[in-house]
Amino acid sequence: MSARAREMTVGIRDVQWWVRDYAYAATRQVRALTSRARPDGFKTGDQCPVVIIPGIYETWKFLQPLITRVHDAGHPVYVVDKLAWNIASVPDAARHVADLIAEQRLTGVVLLAHSKGGLIGKFVMIGHDADSRIAGMIAVAVPFSGSSYAKYMLPPSLRSFAASNEHITGLNENTVTNARIASIFARFDPHIPEGSTLAGARNIQIDTGGHFRLLADVRVVDVVMTVLAGFGHPHDLTSAE
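Residues numbered from 1 in each chain as written. Predicted model: local features only at pLDDT ≥ 70, side-chain atom pairs only at ≥ 80, totals over all residues. Heavy atoms only, no water.

Description of the overall build of the protein chain
Phase 1 of the analysis: If you tally the helices and strands in the protein chain, you get seven helices and six strands.
Phase 2 of the analysis: Scanning the protein chain from its N terminus toward the C terminus, one meets helices and strands in the order α-β-α-β-α-β-α-β-α-α-β-β-α.
Phase 3 of the analysis: Relative to the globule expectation of 18 Å for 241 residues, the C-alpha radius of gyration of the protein chain, 17 Å, shows essentially globular dimensions.
Phase 4 of the analysis: With respect to the three principal axes, the spread of C-alpha positions in the protein chain is 60 × 40 × 35 Å.
Phase 5 of the analysis: Taking all 241 residues of the protein chain together, the buried fraction comes to 50%.
Phase 6 of the analysis: Within the protein chain, counting contacts between residues at least 6 apart in sequence, those at least 24 apart form 72% of the total.
Phase 7 of the analysis: Here the protein chain displays about 11,500 Å² of accessible surface, and carbon together with sulfur accounts for 54% of that area.
Phase 8 of the analysis: Charge separation in the protein chain, taken as the distance between the mean sites of 24 positive and 22 negative side-chain charges, equals 4 Å. (Helix = DSSP H or I, 4+ residues; strand = E, 2+ residues; numbered from the N terminus. Rg over C-alpha atoms; globule rule 2.2 N^0.38 Å. Buried < 20%, exposed > 50% of the residue type's maximum accessible area, 1.4 Å probe, protein only. Contact = heavy atoms within 4.5 Å. Areas by Shrake-Rupley, 256 points an atom, 1.4 Å probe, with all protein chains shown as cover. Lys, Arg positive; Asp, Glu negative; His and termini not counted. Charge placed at Lys NZ, Arg CZ, Asp CG, Glu CD.)

Below you can see the structure in the form of structure tokens.
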């Protein structure tokens, strides 16, 4: 196959991944809107507690399939109702997360975050965890270095994902917490061309494409469960798929 043919094949594949990603997001949003699940039903379990931080324009129900799997494994799962559709600024959202952890008197917490939720989670770990209640974070498809697409977005909430945004640059300057973060991401992310590699973290690339549908990939779910089981113990998951 010629180089030109390979480029065309990759381009077609990426477009297909992009379409499937939006299709998954649309379907998941509808299901989230119609779900009657209540957050109190996930608070039982004897394993380490997990706090859910969804992405922008997502409620906690967008991550419900993953939440169910985590809860079924024995983890009490907590959602932050005050985040709603998660359009608040990263600092404001981080305060809501920190308040919930304190109010529920949680310890040994693992944050499970998607997209913008990972920025919020790292902000919490850096600035709102003086009493060391957080064990670490599992981050799926997070724009740790921003997204070059942000400058083309009209809503300020989306433009804030630019690499030059003060919150993104500030979070990148602080690498102390990175060793306690597992960053899971696809080989191709239609929303984050820069990728989600985080220096010093456990970076886990899944051989697929997607930003939203990654949440339903069985390999991602398996990695999430493996990381959860191993938090607090030496683990090398950098090549897990």
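There is more to say after this.
Thoughts on the pairing of strand S6 (residues 202–209)
Phase 1 of the analysis: Of all eight residues in S6, six are buried; the element is thus mostly enclosed.
Phase 2 of the analysis: Sheet analysis places strand S5 (residues 181–188) next to S6, joined by six bridges and oriented parallel. Residue Ile-184 lies in a different strand from S6, and its bridge partner there is Ile-204. (Pairing = 2+ DSSP bridges.)

Side note on the environment of Asp-72
Phase 1 of the analysis: In this structure, Asp-72 sits in helix H2 (residues 64–72).
Phase 2 of the analysis: Sequence spacing of Asp-72 and Val-30 is 42 residues, and the spatial spacing of their C-alpha atoms is 23 Å.

Some words on helix H4 (residues 116–127)
Phase 1 of the analysis: A rise of 1.5 Å per residue sets the reference length of H4, with its 12 residues, at 16 Å; its end C-alpha atoms lie 17 Å apart and thus fit the reference within 8%.
Phase 2 of the analysis: With nine of 12 residues buried, H4 is to be regarded as a mostly interior element.
Phase 3 of the analysis: The set of residues buried in H4 consists of Lys-116, Gly-117, Gly-118, Leu-119, Ile-120, Gly-121, Lys-122, Val-124 and Met-125.
Phase 4 of the analysis: In this structure, the buried residues of H4 make contact with strand S1 (50–53), helix H3 (90–103), strand S3 (109–114), strand S4 (134–140), helix H6 (166–173) and S5. (Expected span 1.5 Å × (residues − 1).)

What to know about the side chain of His-71
Phase 1 of the analysis: Its place among the elements puts His-71 in helix H2.
Phase 2 of the analysis: Contact partners of His-71, with chain neighbours within four places excluded, come to Gly-41, Phe-42, Lys-43, Thr-44 and Val-77.

Quick word on the nonpolar core
Phase 1 of the analysis: Residues Val-51, Val-97 and Leu-111 are the most contacted members of the largest nonpolar core, which totals 35 residues.
Phase 2 of the analysis: In this structure, Leu-63, Ile-67, Val-77 and Ile-206 belong to the second largest nonpolar core, which totals 34 residues. (Core = buried A, V, L, I, M, F, W, Y, C linked by side-chain atoms within 4.5 Å.)

Considerations on the pattern of salt bridges
Phase 1 of the analysis: Under the criterion given, the structure shown has six salt bridges.
Phase 2 of the analysis: Notably, a salt bridge pairs Arg-133 with Asp-131, separated by 2.8 Å at the nearest N-O pair.
Phase 3 of the analysis: A residue is classified by how much of its surface remains accessible, and Asp-131, at 49% relative accessible area, is partly exposed. (Salt bridge = Lys/Arg side-chain N within 4 Å of Asp/Glu carboxyl O.)

Comments concerning the pairing of S1
Phase 1 of the analysis: Because side chains alternate across S1, one face comprises the buried residues Val-50 and Ile-52, and the other comprises Val-51 and Ile-53, equally buried.
Phase 2 of the analysis: Sheet analysis places S1 next to strand S2 (residues 77–79), joined by three bridges and oriented parallel. Paired with Val-50 across the strands is Val-77, a residue of S2.
Phase 3 of the analysis: In this fold, the crossover linking S1 to S2 by way of H2 has right-handed handedness.
Phase 4 of the analysis: Bridge count between S1 and S3: four bridges; the pairing is parallel. Bridge pairing links Val-50 to Val-110 in S3. (Right-handed = clockwise from strand over helix to strand, strands pointing away.)

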